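# Structure at a glance
Below are the chains, spelled out letter by letter.
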Amino acid sequence: MLTTASVPDRDKVAYWNDAVSRTLVPMKVAPRSDGPFDGRITSGRVGYLQVSTMEADAKRVSRTPALIAGSSEALVAVGVQTSGTATFVQDGRRAEVGEGDLVVYDTNRPYSFDYPQRFATHVFHLPRRTLGVPDGDIRQVTGSAIGTGDGFGAMLLPFLATLASSSADGYPPALANRLAGNVVDLLATLVAERAHPGGADTDARSHLMPRVRDFINRNLGDPDLSPERIAQAHRISVRYLHRLFEGEGTTVGRLIRQRRLEECGRELARRGRTAPTVSAVGQRWGFVNPAHFSRSFRAAYGVSPREWRDLRTAHGADRQGADLGDRV
C-alpha cells in the first residue's frame, strides 16, 4: 500500500503523482481543492493481470500524449467505480460514471478522469495483446459507462469486484493465470458484444482465420509449430485462438496434424527414380518421431506410410488426389 498519511502536507500532491504513475501508468494528477490531499492505493497481480484499488480526495487525472510516448507496453484498463462519481473522456466521448459502473480504456490513447468528490475505484490492467480484438472494436467501447444491467456487463462487474476484494497475491500461479484468462475472455466478449451487437466475434473471425490458416500452411515443416507460436505471431492470446476455432469444426492441433499428414500423403504418392524414405518425408513436414508419424498416419488413412506409398506408386499417381480426399 502507498498512502499520503505520513507524508508532509506540502509534499502530498507530488508524492501522490509519483505513487499513481508508478503503480498504474504515468499520469498527471491535479487535486480539486487547496487543502491537504489524502489518498491511498494498493496493488497486486493475478497472473499477468494487475489489480489495484485506489481511494482518494477529489482530483482530475489525465493521460497526455507526452506521457504515453514515454510508456513501453500497450495496456487495456478496466475501472470499476465502487464509490463516488467520475467523468471519463476518451476518443472524443464523455461518460458519467456512477457507483457500480465499469469503464474500459486504452492506456495508449489520451484520456482523463474527473472525480468531483472523494471516491474509490478498482483498476485492472492487462496487456493489450492478450485481448485479441481489433483496435476499432476497443474504440467503440471506450468513453462509455457500462452498468450491471448492460448485457454482458452484468456478468463481468460482479466477477471483477470479487477478484479485487480478495487477496490478489495469494493465488497459486496456476490458478492466478486461469483467473487472468477468465478476465480476458469476459472482457473480449464484452467488447465484441458492444462493438458487434448480434454478431460478436464474427468480424474478427472472418479477418483472422484466413491469416491463421495461411501461417499454419507456411510453417508445417517446423516441428515447433504450436498454438503458442501461432497466437504470438498474430498478437492474440492462446485462449482467444482456441475460441476462434470453436466454429471451425476442429482444433488448432488437429488442423496442424491433418495438414501435415495431407502433405506427407501427397509426397509419398509421387513416383520418381529416387523416392525419399518414409522417415525423411515425415521429418520434412514436422514429424520428428518416426514411430509417432507412422501411428498418426495409420490412424488417419488406415494404412502405414510405407503401405500408402507402395499402393499409390503401384497404381499410378493419377488417383492420388482423389484417394487422399476420400480418406480425409
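Predicted model, so just to flag it, every value in this text is computed and none were measured. Note that residues are indexed from 1 along each chain, following the sequence as it is written. Given that this is a predicted model, residues contribute local features only at a pLDDT of at least 70 and side-chain atom pairs are listed and counted only at 80 or more, while totals for whole chains, interfaces and linings are drawn from all residues. As a convention, hydrogens and water are excluded, and side-chain values are obtained from all of the structure's heavy atoms.

This next bit is on the overall build of the protein chain. Going along the chain from the N terminus, every DSSP run of H or I of four or more residues is numbered as a helix, and every run of E of two or more is numbered as a strand. Per the secondary structure count, the protein chain includes 13 helices and 11 strands. Buried residues are those whose accessible area, probed at 1.4 Å on protein chains only, stays under 20% of the maximum for their type, while exposed residues exceed 50% and partly exposed ones sit between those limits. Counting only residues that meet the buried cut, the protein chain has 48% of its 328 residues in that class. The criterion used for residue contact is that any of the two residues' heavy atoms lie within 4.5 Å. For the protein chain, contacts bridging at least 24 residues in sequence account for 68% of all contacts bridging at least 6.

Another aspect to go through is the nonpolar core. One recurring pattern in soluble globular proteins is that nonpolar side chains are buried together. Grouped together as the largest cluster of nonpolar side chains are 60 residues, with contacts concentrated most on Leu102, Phe124, Leu131, Leu187, Ile216 and Ile230. Sort the elements by how many residues they give to this core and helix α5 (residues 173–195) lands first, with 10 residues. Discounting chain neighbours no more than four positions away, the residues touching phenylalanine 124 are Leu49, Gln50, Val51, Val76, Ala77, Val78, Val80, Leu160, Leu163 and Ala164. Within this scheme, the nonpolar core is defined by two criteria: the residues are buried Ala, Val, Leu, Ile, Met, Phe, Trp, Tyr or Cys, and they are joined through side-chain atoms within 4.5 Å. Of all hydrophobic cores here, the second largest spans 24 residues; its members include Val29, Ala86, Val97 and Phe113.

Here we come to the pairing of strand β7 (residues 86–90). For β7, the tally of buried residues reaches 4 of 5 residues, placing the bulk of the element in the interior. In this scheme, strands are said to pair when DSSP sees at least two bridges between them. Bridge analysis of β7 against strand β8 (residues 93–97) gives 5 bridges, and the strand direction is antiparallel. From the neighbouring strand, valine 89 faces β8, where its bridge partner is arginine 94. The hairpin formed by β7 and β8 contains 2 residues between the paired strands, and aspartate 91 there has a positive phi angle of roughly 55 degrees. Here β7 pairs with strand β10 (residues 111–115) via 4 bridges, running antiparallel. Along β10, the bridge assignment pairs glutamine 90 with tyrosine 111.

A separate point is the sheet that holds strand β11 (residues 119–127). Remark on secondary structure: sheet strands pair via backbone hydrogen bonds, oriented parallel or antiparallel. The strand order across the open sheet formed by 6 strands is β1-β3-β4-β11-β6-β9, and the pairing between neighbours is antiparallel. Where the open sheet ends on each side, the last strands, each with one partner, are β1 (2–3) and β9 (102–106). Strand direction decides the pairing type here: β1 and strand β3 (residues 39–46), joined by 2 bridges, are antiparallel. Counted as the bridge partner of threonine 3 is arginine 40 from β3. The sheet strands contacting α5 are β3, β4 (49–56), β6 (75–83), β9 and β11, and the helix crosses β3 at an angle near 105 degrees. For helices, the fitted line uses only the C-alpha atoms of the stretch in contact; every axis is such a line through C-alpha atoms, and the angle between N-to-C directions lies from 0 to 180 degrees.

For the pair helix α9 (residues 252–269) and helix α11 (residues 290–301), the least separation of the axes is 11 Å and the interaxial angle reads 90 degrees. On the basis of their axis angle, the class for α9 and α11 is roughly perpendicular. Every residue of α11 that contacts α9 at Arg257, Leu261, Glu262, Cys264, Gly265 and Leu268 is listed here: Phe293, Ser296, Phe297, Ala300 and Tyr301. Polarity classes work like this: nonpolar for Ala, Val, Leu, Ile, Met, Phe, Trp, Tyr, Cys and Pro, charged for Asp, Glu, Lys and Arg, and polar for all others, with Gly in that last group. Counted by class, the contact of α9 with α11 contains 7 nonpolar, 2 polar and 2 charged residues. With respect to orientation, any angle under 35 degrees is reported as roughly parallel, any angle over 145 as roughly antiparallel, any angle of 65 to 115 as roughly perpendicular, and every other angle as oblique.

Before going further, it helps to spend a moment on the sheet that holds strand β5 (residues 59–63). Taking strand neighbours across the sheet as the criterion, the 5 strands line up as β2-β5-β10-β7-β8 in an open arrangement whose pairing is antiparallel. Of all the strands in the sheet, the pair left with one neighbour each is β2 (28–31) and β8. Recorded for the sheet is a direction-independent mean angle of 15 degrees between the axes of neighbouring strands. Alignment of β2 against β5, held across 4 bridges, turns out to be antiparallel. From the neighbouring strand, proline 31 faces β5, where its bridge partner is lysine 59.

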